[in-house]
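The chain contents come next:
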Amino acid sequence: MSTIQSTTPWVLIGIAVVAVVLAIVIKKIVGKIIVLVLAAVLIFVGYQQRQHVIDFANGVKDDACGQSVTFLGVDVALPADWCTTD
């Protein structure tokens, strides 16, 4: 009985230490996963917008040089050499 009374507090302290260490490790891993997911979303949105601008430019090349398109809310004009009259 005395062994249980002297061992139990140390076992509980050990479990508490392991729980705290696991909580810290899991918090850091989850934080990194969240940052990676946010970075992936930003990359996807940027690439999607880039493709939208390229598609628009190719669609209006030589036909509608006065038009503009927005890239993430910023107006983008076509290059002057796209506006050629043959």
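Keep in mind it's a predicted model, so treat the numbers as computed, not measured.

The rules behind these values
Residues numbered from 1 in each chain as written. Predicted model: local features only at pLDDT ≥ 70, side-chain atom pairs only at ≥ 80, totals over all residues. Heavy atoms only, no water. Helix = DSSP H or I, 4+ residues; strand = E, 2+ residues; numbered from the N terminus. Buried < 20%, exposed > 50% of the residue type's maximum accessible area, 1.4 Å probe, protein only. Contact = heavy atoms within 4.5 Å. Areas by Shrake-Rupley, 256 points an atom, 1.4 Å probe, with all protein chains shown as cover. Patch = residues over 30% accessible without salt bridge, like charges linked within 9 Å, V, L, I, M, F, W, Y side chains within 5 Å. Salt bridge = Lys/Arg side-chain N within 4 Å of Asp/Glu carboxyl O. pLDDT = per-residue confidence, 0-100.

**Q** What exactly am I supposed to notice about the overall build of the protein here?
**A** Check the secondary structure of the protein and you find 1 helix and 2 strands. Looking at the protein as a whole, 8% of its 86 residues are labelled buried. Within the protein, contacts between residues separated by at least 24 positions form 13% of all contacts whose residues are at least 6 apart in sequence. Carbon and sulfur atoms form 71% of the exposed surface of the protein, whose accessible area is close to 7,100 Å².

**Q** Could you clarify how one ought to interpret a nonpolar patch on the surface in this entry?
**A** Judged by side-chain polarity, Trp10, Ile13, Val17, Val21, Val25, Ile29, Ile33, Val37, Val41, Phe44, Val45 and Leu72 come together as a nonpolar surface patch covering roughly 1,100 Å² of accessible area. With respect to the helices, strands and loops of the structure, valine 21 is situated in helix α1 (residues 2-60). Take valine 21: its relative accessible area is 46%, and that puts it in the partly exposed class.

**Q** Would you mind showing me how to read the confidence of the model for the protein here?
**A** Detailed reading of the predicted coordinates is not advisable wherever pLDDT is low. With 78% of its residues at a pLDDT of 70 or more, the protein has an overall mean of 80. Between the elements of the protein, mean pLDDT differs from a low of 72, seen in strand β1 (residues 68-71), to a high of 86, seen in α1.

**Q** Just checking my understanding: could you explain the environment of threonine 70 for this structure?
**A** Within the element layout of this structure, threonine 70 appears in strand β1. The sequence separation of threonine 70 and glutamine 49 amounts to 21 residues, and the corresponding C-alpha distance is 8.7 Å. Those residues in contact with threonine 70 that lie beyond four places of it in its chain are Gln49, His52, Val53 and Asp75.

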